[in-house]
Amino acid sequence: MNNQEHDWIIDSKASVFNFRLNEIWEYRDLLWLLVRRDFVSFYKQTILGPLWFFLQPLFTTIIFTFIFGNLAGISTDGLPKPLFYLAGITAWNYFADCLTKTSTVFRDNASIFGKVYFPRLIMPLSIVMSNLVRFAVQLVLFLLLMGYYFLTGAGFHVSWAILLFPVIVVLMALLGLGAGMIISAMTTKYRDLAFLVGFGVQLLMYATTVIYPLSTALSKYPKYAWVIKYNPMTPIIETFRFGFLGEGSFSWGMLAYTTGVTLVLLILGIFVFNKVERDFVDTV
């Protein structure tokens, strides 16, 4: 038999450090199809459809304003309460969606993974990109609210840090992607983690500055504020607020810290994901 050249070589013994980025680029059409599938399938049988993108953060903002802003009287650094909370909710929702949906990618797609070959990283990447659509819609809601308060003379201003907006979006996506892939790999053997993720993410939100500014945490609870300060999402949310509203505890050092944590989790997540994908069908 004559030797033949092959375009693809599928080898279960390939190095786990081989991220196969060239294969992901070759399968980019599949990536876009999966993004479209996630968007259409989730809202196809709903009455309000994409309006849920607006309603969820809007209702959450109203509840936070009433409970934490009015009843509890928590400071918002002089910003209008709805605007302060919606800024944190918009950033947090994108990260949380990337994390929770990526964390079940093996379990949710076991039937597909067991039948056909394609770069498995396509699945978590499609989740991050489809969630970007939801984030964009919620960002529009935030900008509309900004416009309303600007016309009413509210005391906020856009700062130079708004130029860092693309950077913090990438950081949110990669942070959720890396952490989600690690959890997804673990849930192939420890199913209980899948039930804890949703509850854990809700609790984790209270360890960030979604409902209070970092300055308040540092001044009122200095003994425990380090937990909030060194949460990787805190510098992202603070930078988001500082860029769009001119208020927030912006720090180049803390943003660099978040970048470092994100890169570590991303590399570790891809490593674990590549290792588990070889034989996960036998355990899922």
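Note that this is a predicted model, so its numbers are computed, not measured. (Residues numbered from 1 in each chain as written. Predicted model: local features only at pLDDT ≥ 70, side-chain atom pairs only at ≥ 80, totals over all residues. Heavy atoms only, no water.)

Counting 69 residues, the largest nonpolar core has Phe142 and Leu245 as its most contacted members. The residues touching Leu245, leaving out its near neighbours within four places in the chain, are Leu79, Leu83, Ala87, Phe142, Met146, Phe156 and His157. (Core = buried A, V, L, I, M, F, W, Y, C linked by side-chain atoms within 4.5 Å. Buried < 20%, exposed > 50% of the residue type's maximum accessible area, 1.4 Å probe, protein only. Contact = heavy atoms within 4.5 Å.)

Next up on the list: a nonpolar patch on the surface. A cluster of nonpolar side chains, namely Ile63, Phe66, Ile67 and Leu71, defines an oily patch on the protein surface of about 400 Å² accessible area. Relative to the helices and strands, Leu71 is located in helix H3 (residues 52-71). (Patch = residues over 30% accessible without salt bridge, like charges linked within 9 Å, V, L, I, M, F, W, Y side chains within 5 Å. Areas by Shrake-Rupley, 256 points an atom, 1.4 Å probe, with all protein chains shown as cover. Salt bridge = Lys/Arg side-chain N within 4 Å of Asp/Glu carboxyl O. Helix = DSSP H or I, 4+ residues; strand = E, 2+ residues; numbered from the N terminus.)

Counted under the stated rule, the structure contains 18 aromatic pairs. Judged by centre distance (5.5 Å) and plane angle (90°), the rings of Phe165 and Phe244 are edge-to-face. With Phe165 in helix H8 (residues 165-187) and Phe244 in helix H12 (residues 233-245), this residue pair connects regions lying 79 residues apart in the sequence. The burial state of Phe165 is the same as that of Phe244; both residues are buried. With a centroid separation of 5.5 Å and 10° between ring planes, the pair formed by Phe242 and Phe250 is classed as stacked. (Phe/Tyr/Trp six-rings, centres within 6.5 Å; stacked < 30°, edge-to-face > 60°.)

For the rest of this paragraph, the subject is the environment of Tyr27. Relative to the assigned elements, Tyr27 resides in the loop between helix H1 (21-26) and helix H2 (28-43). Under the relative-accessibility criterion, Tyr27 is labelled partly exposed at 22%. Residues Tyr27 and Pro119 lie 92 residues apart in sequence; the distance between their C-alpha atoms is 7.7 Å.

Turning our attention to the side chain of Thr61. Relative to the helices and strands, Thr61 resides in helix H3. Residues within four places of Thr61 in sequence aside, it is in contact with Pro82, Tyr85, Leu86 and Ile89.

A few words on the packing of H3 against helix H7 (residues 122-151). In the contact formed by H3 and H7, the axes pass within 9 Å of each other and the chain directions differ by 60°. The angle between the axes of H3 and H7 places the two elements in the oblique class. The hand of the H3/H7 crossing is right-handed. Together, Phe53, Phe54, Gln56, Pro57 and Leu58 of H3 and Arg134, Val137, Gln138 and Leu141 of H7 make up the contact between the two elements. (Axes fitted to C-alpha atoms, helices over the stretch in contact; angles between N-to-C directions. Parallel < 35°, antiparallel > 145°, perpendicular 65-115°, else oblique. Left-handed = near helix turned anticlockwise from the far one by under 90°.)

A rise of 1.5 Å per residue sets the reference length of H8, with its 23 residues, at 33 Å; its end C-alpha atoms lie 33 Å apart and thus fit the reference within 8%. Where burial is concerned, most of H8 is hidden: 17 out of the 23 residues are buried. (Expected span 1.5 Å × (residues − 1).)

Now for unusual backbone geometry. Unlike most non-glycine residues, Asp77 shows phi in positive territory, near 60°. Residue position: Asp77 is located in the loop between H3 and helix H4 (81-102).

Another point: the packing of H4 against H7. With their axes 9 Å apart at the nearest point, H4 and H7 run at an angle of 175° to one another. Accordingly, the angle class assigned to the pair H4 and H7 is roughly antiparallel. Of the residues belonging to the contact of H4 with H7, the class tally is 18 nonpolar, 5 polar and 3 charged. (Nonpolar A, V, L, I, M, F, W, Y, C, P; charged D, E, K, R; others polar.)

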